[in-house]
Amino acid sequence: MRKYFVFFLFVVVVCSCGNRLPQYSYEPVPYDLGVPFFPDSLNIPADNPMTQDGVRLGRYLFYDERLSGDPKRPMSCATCHKQENSFECGTADFPDGRPVGNSGKKTPNVMLPLINLVWNSNGYFWNGYINRESGKNIETTVPMAITAPHEMDGDIDRTVKLIKNDPFYRELFYKAFGTTDINIDLISKAVAQFVRSLVSFNSKFDRFMAGELQLTKSETRGLMLFTTEGADCFHCHGSPVLPLWTTNLFMNNAKDIDFEGQNDRSAITQNPLDKGKYRVPTLRNIEFTAPYMHDGRFKTLDDVLEFYNNGLKRSPYIDPLSINTNHGGMHLSDRDLQDLKAFLLTLSDTAFIHDLRFSNPWN
Amino acid sequence: MRKFVFLLFIVLLSCADLSAQDGFLFTFSCNGNPLKLNEMIYKSKRGLTYQVAQCQYFVSDFALILNDGKVNTLTNSVHYVDVEIPNTLKWFPLDDLSLQNVDSVMFIFGLNSLQNRSYRFKNPPENLMFWPDYLGGGYHYMKTNILYLDADHNINAFNCHIGRGQVYNAEGEPIEYIDNDFVVKIPVKKIVVDGKTFAVINLDISTMFDYPNAELFTDYHGIMNNQKAMGIFAENIKAAFER
């Protein structure tokens, strides 16, 4: 009898030991971006391939207000990067387009939308501060956002501790990275994977290109103006064959004549020729991303069009592609401007801003 | 033993021959001197001062004309040249390209009508050369972008952009397209860089704006929808390679 009891105890011990082993497995499945007609060169670091579980984990973290590391001052990436604004902040909470961080400080510039970043290998931020040449990528921006005073103003150790202490995350991390040893590198990698998954390719114009619908006469005329030297938008912002609607280059678009104190491209390259240069932003979802330009100086699309029509300023630093600067602007008629705007609005991807895959998983 | 050394020598020599890989070197000049980018130092025939900011172009369908008149065609060869991207300035189209016995080089400036189709290039920098479908589609053969000072010393921009041209109807809509690609033939000029032999293909930017047509930037706003202007510049660009 005693013998049986010892055997029974042995079985119980073995079984309970078994319970302590992870019940989940690490079987990474590559994440499919599912976009048929975009460039095939992707900006994905070799040490952070996109997987379904990595993107899933990143989505939870992106929307997790514990990321600030301070329960009294909760803040997540999504506090400012809002899906309804193409992952910019919009003007509802921040009228000038510049979010206020946990320290009360404002961001130096307005935000850029977090869409289709996986196809950009030319550096991130308005001046390209985050670039592969300096070993920085989207992963780098996560600890930056946690600690920057104008963002979460937090402490990385406390962030890691909060995430680590939630048993819910253990399974997610194990499935994403094959470990439950949670640290800032893995947090950053997961968030970066989610950000890379934010792809927009279902605008009215995309559906027109797929032969699913027709554009109105006004939209068609706007496209024609956009892609000829009449308005000459296409050299910087792309065309149907460059469906990101940005070249991702850095250009001086003749907004200013004085560049003192600007945190522009020259601040990164130390090349004085890069004064006044900023990233050409995508025009996808431009409807949802007011205000415009790096400093948000234009509140509406009409303001932007008026600037390009009559407000271009000459300087030795203008981009040589901006031939309309020779005459101060495009000088299009009111009807032309309306048509151009009608075309720009066809680049709105409402499916993207309502896509549940990108929404808050905690809701 | 002597026989063996001799044989070894022959083998080494033939190995060296096999590893020989000649290529093309793309260079830029202005008034015959190496081009200096972004310096307002050049004067046009019409007396305007200008600086060159960017120059990007496609060349394709290369052929080598040998001393005995035979022609070696490099099938489907297409190359993108960008004055600001060093790795586009040296091109090795074949693993075993030899410039020995080559008399001259022939190529198409731009892309021929069959090769010049939209969506051909998916990635930068080549895909940034797209030519809007409304204007005929395909790709820019060339983008040369300059800044110049006008008579009042104001900064102005000019874009010498060549691609498919258009014929417009009375309503101003394009009804026909014209390919502006052309053949360039130049005697081979060899240069050795880092132990490699290159055939030099030089583009003289000042010729582009001055010869044979002294049609310059102030005559036009943009030229992409102006077949006459593109024709004039195409003539000058041919001279800029061949002169």
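Residues numbered from 1 in each chain as written. Chains lettered and ligands numbered in written order. Predicted model: local features only at pLDDT ≥ 70, side-chain atom pairs only at ≥ 80, totals over all residues.

Our next topic: the overall build of chain B. In terms of helices and strands, chain B carries three helices and 15 strands. Overall, the C-alpha framework of chain B stretches about 85 × 40 × 35 Å when taken along its three principal axes. Considering chain B as a whole, with its 243 residues, one finds that 35% of them fall into the buried category. Pairs at least 24 apart in sequence give 66% of the contacts found in chain B among residues at least 6 apart. (Helix = DSSP H or I, 4+ residues; strand = E, 2+ residues; numbered from the N terminus. Buried ≥ 20, exposed ≤ 12 C-beta atoms within 10 Å, placed from the backbone. Contact = placed C-beta atoms within 7 Å.)

Quick look at the overall build of chain A now. A tally of regular secondary structure across chain A gives 13 helices and two strands. Along the longest, intermediate and shortest principal axes, the C-alpha atoms of chain A span 100 × 50 × 35 Å. Buried residues in chain A amount to 47% of all 363 residues.

The next thing to look at is the nonpolar core. If you look at the biggest cluster of nonpolar residues, it comprises 126 residues, and the most contacted ones within it are Phe173 and Val191 of chain A together with Phe233 and Ile237 of chain B. Per-element accounting of this core gives the leading share, nine residues, to strand S4 (residues 49-66) of chain B. Both of domain 1 (49-200 + 353-358) and domain 2 (204-347) of chain A provide at least three residues apiece to this core. Every residue in contact with isoleucine 237 of chain B, bar those within four places of it in the chain, is listed here: Phe109, Met142, Ile162 and Met208 of chain B. In this structure, Cys89, Phe250, Tyr278 and Val280 of chain A belong to the second largest nonpolar core, which totals ten residues. (Core = buried A, V, L, I, M, F, W, Y, C linked by C-beta atoms within 7 Å. Domains from an automatic or database assignment.)

So, on to the domain arrangement of chain A. Residues and elements named next belong to chain A. Its domain assignment divides chain A into domain 1 (49-200 + 353-358) and domain 2 (204-347). Averaged C-alpha coordinates put domain 1 and domain 2 at centres separated by 28 Å. Counting residues at the interface gives 24 residues for domain 1, matched by 22 residues for domain 2. Here the side of domain 1 that touches domain 2 is built from residues that sort into nine nonpolar, eleven polar and four charged. (Nonpolar A, V, L, I, M, F, W, Y, C, P; charged D, E, K, R; others polar.)

The next thing to look at is the interface of chain A and chain B. Many descriptions give the size of an interface as the accessible area lost when the pieces come together. Opposite the 25 residues of chain A that make contact, chain B presents 27 residues. Within the side of chain A that touches chain B, the residues separate by chemical class into twelve nonpolar, nine polar and four charged.

Residues and elements named next belong to chain A. At a closest axis distance of 11 Å, the pairing of helix H11 (residues 301-310) and helix H12 (residues 334-345) adopts a crossing angle of 130°. Judged by the angle between their axes, H11 and H12 are oblique. Crossing geometry of H11 relative to H12 is assigned as right-handed. When H11 is examined against H12, the residues Leu301, Leu305 and Asn309 are found in contact with a partner set consisting of Leu337, Leu340, Lys341 and Leu344. Here the residues of the contact of H11 with H12 are counted per class, giving five nonpolar, one polar and one charged. (Axes fitted to C-alpha atoms, helices over the stretch in contact; angles between N-to-C directions. Parallel < 35°, antiparallel > 145°, perpendicular 65-115°, else oblique. Left-handed = near helix turned anticlockwise from the far one by under 90°.)

Residues and elements named next belong to chain B. On the secondary structure map, glutamate 235 appears in helix H3 (residues 227-242). Sequence spacing of glutamate 235 and phenylalanine 182 is 53 residues, and the spatial spacing of their C-alpha atoms is 9.1 Å. The residues touching glutamate 235, leaving out its near neighbours within four places in the chain, are Pro212 and Asn213.

This part covers the environment of leucine 61 of chain A. Residue and element names in this part refer to chain A. Here leucine 61 shows up in helix H2 (residues 52-62). The class of leucine 61 is buried, set by 25 C-beta atoms lying within 10 Å. In this structure the C-alpha to C-alpha distance between leucine 61 and valine 160, which are 99 residues apart in sequence, comes to 11 Å. With sequence-adjacent residues up to four places away left out, leucine 61 is seen in contact with Leu67, Ile187, Ala190 and Val191.

Before going further, it helps to spend a moment on unusual backbone geometry. Apart from glycine, the bulk of residues carry a negative phi angle, and the bulk of peptide bonds sit in the trans form. Note the cis peptide between alanine 290 of chain A and proline 291 of chain A, where omega equals -5°. In this chain, proline 124 of chain B is followed by proline 125 of chain B through a cis amide linkage whose omega measures 5°. In this structure, aspartate 153 of chain A takes a positive phi of about 55° despite not being glycine. With a phi angle near 65°, asparagine 101 of chain B is a residue other than glycine that sits in the positive phi range.

So, about helix H6 (residues 184-196) of chain A. Residue and element names in this part refer to chain A. Helix length check: H6, at 13 residues, gives a terminal C-alpha distance of 18 Å against a target of 18 Å (1.5 Å per residue), a fit within 8%. In terms of burial, H6 is largely enclosed, as eleven of its 13 residues are buried. Within the sequence span of H6, burial applies to Leu186, Ile187, Ser188, Lys189, Ala190, Val191, Ala192, Gln193, Phe194, Val195 and Arg196. (Expected span 1.5 Å × (residues − 1).)

Residues and elements named next belong to chain B. Residues with a pLDDT of 70 or more make up 91% of chain B, whose mean pLDDT is 91. A low-confidence stretch, residues 8-17 stays under pLDDT 50, and its non-local contacts, those more than four residues away or across chains, total zero contacts. We note a pTM of 0.91 for the whole complex and an ipTM of 0.88 for its interfaces. (pLDDT = per-residue confidence, 0-100.)

Residues and elements named next belong to chain A. Viewed as axis vectors pointing N to C, helix H8 (residues 217-226) and H12 meet at an angle of 95°, and their least axial separation amounts to 7 Å. Considered as vectors, H8 and H12 are oriented roughly perpendicular to each other. Where H8 approaches H12, its residues Ser218, Glu219, Arg221, Gly222, Leu223, Leu225 and Phe226 are matched on the opposing element by Asp336, Gln338, Asp339, Leu340, Lys341, Ala342 and Phe343. Class assignment for the residues of the contact of H8 with H12 results in six nonpolar, three polar and five charged.

All right, on to H8 of chain A then. Among the residues of H8 of chain A, those classed as buried are Glu219, Gly222, Leu223, Met224, Leu225 and Phe226 of chain A. Those residues of H8 of chain A that are buried lie in contact with helix H9 (234-237) and H12 of chain A.

Residue and element names in this part refer to chain B. Judged from the four bridges that link them, strand S14 (residues 190-193) and strand S15 (residues 196-204) form a sheet pairing that is antiparallel. Bridging across to S15, isoleucine 191 finds its partner in phenylalanine 198. Once S14 ends, the chain turns through two residues before running back antiparallel as S15, passing aspartate 194 with a positive phi of about 50°. (Pairing = 2+ DSSP bridges.)

Here we take up the environment of cysteine 160 of chain B. All names here are of chain B. Looking at the element boundaries, cysteine 160 is found in strand S10 (residues 155-162). Expressed as a C-alpha distance, the spacing of cysteine 160 and leucine 48, which sit 112 residues apart in the sequence, is 16 Å. Once residues lying within four places of it in the same chain are set aside, the contact partners of cysteine 160 are Met142, Thr144, Met208, Ile223 and Phe233.

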